[in-house]
4 protein chains.
Amino acid sequence: MTDKFDTSKPIYKQIADQLYWRMIRGELQPGDKLPSVRECAVEFKVNPNTVARTYNEMEREKVVKTKRGQGTFVTTDENVLFDLKESMKKIHIEEFVHEMEEMGYTEEEMVASLQEYLDGRDTND
Amino acid sequence: MTDKFDTSKPIYKQIADQLYWRMIRGELQPGDKLPSVRECAVEFKVNPNTVARTYNEMEREKVVKTKRGQGTFVTTDENVLFDLKESMKKIHIEEFVHEMEEMGYTEEEMVASLQEYLDGRDTND
Amino acid sequence: MTDKFDTSKPIYKQIADQLYWRMIRGELQPGDKLPSVRECAVEFKVNPNTVARTYNEMEREKVVKTKRGQGTFVTTDENVLFDLKESMKKIHIEEFVHEMEEMGYTEEEMVASLQEYLDGRDTND
Amino acid sequence: MTDKFDTSKPIYKQIADQLYWRMIRGELQPGDKLPSVRECAVEFKVNPNTVARTYNEMEREKVVKTKRGQGTFVTTDENVLFDLKESMKKIHIEEFVHEMEEMGYTEEEMVASLQEYLDGRDTND
DNA sequence: GTGGTCTAGACCACT
DNA sequence: GTGGTCTAGACCACA
């Protein structure tokens, strides 16, 4: 899918982010089996060791669970997935707020601009 | 400054974006002289031709004005700079809305989440 | 075809003018495919980059449309082609008027001379 | 002055055209002395032989008269200068008509367009 | 010194 | 095959 990686973050984290996205969007449901390390390595065109590190990372964060001889599975703990979604949300909000601040907008203007944009969009659709 | 460029957009456009940012943040004021094509090429570590293309692009968009033999200058037309700021704002809002939608949030939730985040930040400061 | 270029205008603009002429004269109809950048470079004996710049210029002016991997095509928007013809007409009238003024003729004399010339031609044919 | 010559006509004729222009515009009056062949050669950056050929040509056309040991002078015969002006006028009209015809305009449209252009110009000035 | 233009040759993504 | 982009290096006009 995404062929190139950013230089700002380690590749194994970027792969984790990709997989987190799939969970949040529901492409990977709680309990689903992730692709094998080797499959995943092929998909992202990276070394299997890199994917292994990604899976380790995700396991440390309790987002996936590895079952010996069976594979790696998305956690069935909805709370973990909820937290994941919340933290992704926070990242996007922070990025948005940061950029708007750099452009010199106040907090009130941010909310107002967002509201304005959404209102404009609704009437046009 | 920023050393690497994204693969998603041509470099000459990314350089334009960088310079637009400097204008919006006030680092480049109306009427200011931009660095020369050759200086800019050194700063961004690209070929001078690439910067020349950037300057052409910016001139077509009326954001800068070149004076033969003297250099390239930020337009003194405040309206153009205002439009620039508005369009940058719109881009960020669109990106934010798009990502929040991909995560499954409704418009109301976006505004509420943003408000919540800002409120939380204020009490902590 | 035309082998030499004027020194007064950049080559890439002169190539655009040549192609505009072909459109106005109907040698290139709306929707027709232009010669490829490389073919055109051979025809005009210039570097392909120069033709690429010409095609870019024409696309910015909405006179042609490029389809990725297929080629560059004359716009089907008749209005654009009409505007093109009008602007070419204006250029020729301006040039004519300018030269006649340099020779000291009044506006009335210009029209009268033109009319006279045309009348003389008709009776001879 | 003009440094480059067109490749379409011999240089000596192009120099003659330049000098004819000066006569028509009154920079060279009837009876005036033309610059010497050597001066003229310096001005146009060509070989003196080329200018000599120009002067010969102009003498054959009765536009100038050479007086041994004194130089070359514009004819005092107003008729010749009138004819010169007429022939220059005709050249411009022919060129204009030819280009308008190539664009597909009828004779009536040419006159109307010219009149229209002049009228528009008058009201704006 | 400034930007503008042109050539030569390379790599890319898309069809 | 198509156009789009980038680099390297050159020459030009203008101030």
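Note that the structure is predicted; figures quoted are calculated from it, not measured.

Moving on, we get to a positive patch on the surface. On the surface, B:Lys13, B:Arg53, C:Lys13 and C:Arg53 cluster together to form a positively charged patch. Among the structural elements, B:Lys13 can be located in helix H1 (residues 11–24).

The next thing to look at is the nonpolar core. The biggest cluster of nonpolar side chains holds 69 residues, and the ones touching the most others in it are C:Met23, D:Met23 and D:Met58. Excluding anything up to four places from it in sequence, C:Met23 contacts C:Leu28, C:Leu34, C:Val63, C:Val64, C:Val74, C:Leu81 and C:Leu84. Within the second largest apolar cluster, 68 residues are counted, among which are A:Tyr20, A:Leu118, B:Ile24 and B:Met100.

Turning to the relation of the copies chain B and chain A, a few remarks are in order. Here chain B sits on chain A after a turn of 180° about the axis and a move of 0.0 Å along it, with an RMSD of 0.2 Å. Viewed as a symmetry operation, the transformation between the two copies matches a two-fold axis. Here 100% of the interface residues in chain B have copies in chain A that are interface residues too; the copies meet face to matching face.

Time to look at the protein's contact with DNA strand F. DNA strand F sits among 21 residues. The nearest are B:Ile11, B:Asn47, B:Asn49, B:Thr50 and B:Arg53. In DNA strand F, atoms within 4 Å of the protein come 69% from sugar and phosphate. Here a phosphate oxygen of DNA strand F and a side-chain polar atom of B:Tyr12 are 3.5 Å apart. At a separation of 2.9 Å, a phosphate oxygen of DNA strand F approaches a polar backbone atom of C:Val37. Residue assignment for the surface near DNA strand F shows that the elements contributing at least two residues are H1 and helix H3 (48–60) of chain B together with helix H2 (37–44), helix H3 (48–60) and strand S2 (71–74) of chain C. A class-by-class count of the residues in the surface near DNA strand F yields six nonpolar, eleven polar and four charged.

Glancing now at the side chain of C:Ser113. Relative to the assigned elements, C:Ser113 resides in helix H5 (residues 107–124). Classification of C:Ser113 as buried rests on a relative accessible area of 8%. At a separation of 2.7 Å, a polar atom in the side chain of C:Ser113 contacts the main-chain carbonyl oxygen of C:Glu109. Residues within four places of C:Ser113 in sequence aside, it is in contact with C:Met100, D:Lys89 and D:Ile93.

Let us now look at the interface of chain B and chain A. The extent of an interface is frequently quoted as the accessible surface area lost upon association of the parts. Each partner contributes residues to the interface: chain B has 32 residues there, and chain A has 32 residues. Here chain B and chain A share an interface that buries about 3200 Å² over both sides, 65% of which is from carbon and sulfur atoms. Where chain B packs against chain A, one counts three salt bridges. Along the contact surface separating chain B from chain A lie eight residue pairs in polar contact (both at pLDDT 80 or more).

The subject of this paragraph is the pairing of strand S1 (residues 64–67) of chain A. All names here are of chain A. Pairing of S1 with strand S2 (residues 71–74) involves four bridges; the strand directions are antiparallel. Counterpart to Lys 67 in the pairing with S2 is Gly 71. Connecting S1 to the next strand, S2, in antiparallel fashion are three residues, including Gly 69 with a positive phi near 75°.

All names here are of chain A. Its domain assignment divides chain A into domain 1 (11–76) and domain 2 (79–120). A separation of 28 Å is found between the C-alpha centroids of domain 1 and domain 2. Each side of the interface is counted separately: domain 1 has eleven residues, and domain 2 has six residues. Taking both partners together, domain 1 and domain 2 bury about 690 Å²; carbon and sulfur atoms supply 92% of that area.

Bringing the arrangement of the chains into the picture now. The two units chain A and chain D remain apart, with a minimum C-alpha distance of 41 Å. Chain B shows no contact with chain D. Their nearest C-alpha atoms sit 21 Å apart.

Taken together, 20 residues sit near DNA strand E, with C:Ile11, C:Asn47, C:Asn49, C:Thr50 and C:Arg53 positioned nearest. Considering the 4 Å shell around the protein, atoms of DNA strand E inside it are sugar or phosphate in 66% of instances. Between a base oxygen of DNA strand E and a side-chain N or O atom of B:Asn49, the distance comes to 3.3 Å. C:Thr50 places a side-chain nitrogen or oxygen 2.4 Å from a phosphate oxygen of DNA strand E. Here the element with the most residues in the surface near DNA strand E is H3(C); it accounts for three residues. Tallied by class, residues from the surface near DNA strand E come to six nonpolar, eleven polar and three charged.

Under the criterion given, the structure shown has four aromatic pairs over all chains. Aromatic pair B:Phe5 and B:Phe44: ring centres 6.4 Å apart, planes at 50°, arrangement tilted. Residue B:Phe5 is found in the segment before H1, and its partner B:Phe44 is found in helix H2 (residues 37–44); the two are separated by 39 residues along the sequence. Its relative accessible area of 21% is what places B:Phe5 among the partly exposed residues. Ring geometry for C:Phe96 and D:Phe96: centres 4.6 Å apart, planes at 15°, overall stacked. With C:Phe96 in helix H4 (residues 78–102) and D:Phe96 in helix H4 (residues 78–102), this residue pair bridges two chains. Of the residues examined, D:Phe96 reaches a relative accessible area of 2% and is grouped as buried. Residue placement shows C:Lys67 over the ring face of C:Phe73; its charged tip is 4.6 Å from the ring centre.

Attention now goes to the packing of H1(B) against H3(B). All names here are of chain B. As a packed pair, H1 and H3 sit with axes 8 Å apart at the nearest point and diverge in direction by 60°. One finds that H1 runs oblique with respect to H3. Crossing geometry of H1 relative to H3 is assigned as right-handed. Along its contact with H1, which presents Ile 11, Tyr 12, Lys 13, Ile 15, Ala 16, Leu 19 and Tyr 20, the element H3 presents Thr 50, Val 51, Arg 53, Thr 54, Tyr 55, Glu 57 and Met 58. Taken together, the residues that form the contact of H1 with H3 break down as nine nonpolar, two polar and three charged.

Cut-offs applied
Residues numbered from 1 in each chain as written. Chains lettered and ligands numbered in written order. Predicted model: local features only at pLDDT ≥ 70, side-chain atom pairs only at ≥ 80, totals over all residues. Heavy atoms only, no water. Patch = residues over 30% accessible without salt bridge, like charges linked within 9 Å, V, L, I, M, F, W, Y side chains within 5 Å. Areas by Shrake-Rupley, 256 points an atom, 1.4 Å probe, with all protein chains shown as cover. Salt bridge = Lys/Arg side-chain N within 4 Å of Asp/Glu carboxyl O. Lys, Arg positive; Asp, Glu negative; His and termini not counted. Charge placed at Lys NZ, Arg CZ, Asp CG, Glu CD. Helix = DSSP H or I, 4+ residues; strand = E, 2+ residues; numbered from the N terminus. Core = buried A, V, L, I, M, F, W, Y, C linked by side-chain atoms within 4.5 Å. Buried < 20%, exposed > 50% of the residue type's maximum accessible area, 1.4 Å probe, protein only. Contact = heavy atoms within 4.5 Å. Least-squares fit on C-alpha atoms with pLDDT ≥ 70 in both. Near = heavy atom within 4 Å. Polar contact = N/O pair within 3.5 Å; in protein donor to acceptor, adjacent residues only side chain to side chain. Nonpolar A, V, L, I, M, F, W, Y, C, P; charged D, E, K, R; others polar. Buried area = accessible area lost by both parts, 1.4 Å probe. Pairing = 2+ DSSP bridges. Domains from an automatic or database assignment. Phe/Tyr/Trp six-rings, centres within 6.5 Å; stacked < 30°, edge-to-face > 60°. Lys NZ or Arg CZ within 6 Å of the ring centre and 35° of its normal. Axes fitted to C-alpha atoms, helices over the stretch in contact; angles between N-to-C directions. Parallel < 35°, antiparallel > 145°, perpendicular 65-115°, else oblique. Left-handed = near helix turned anticlockwise from the far one by under 90°.

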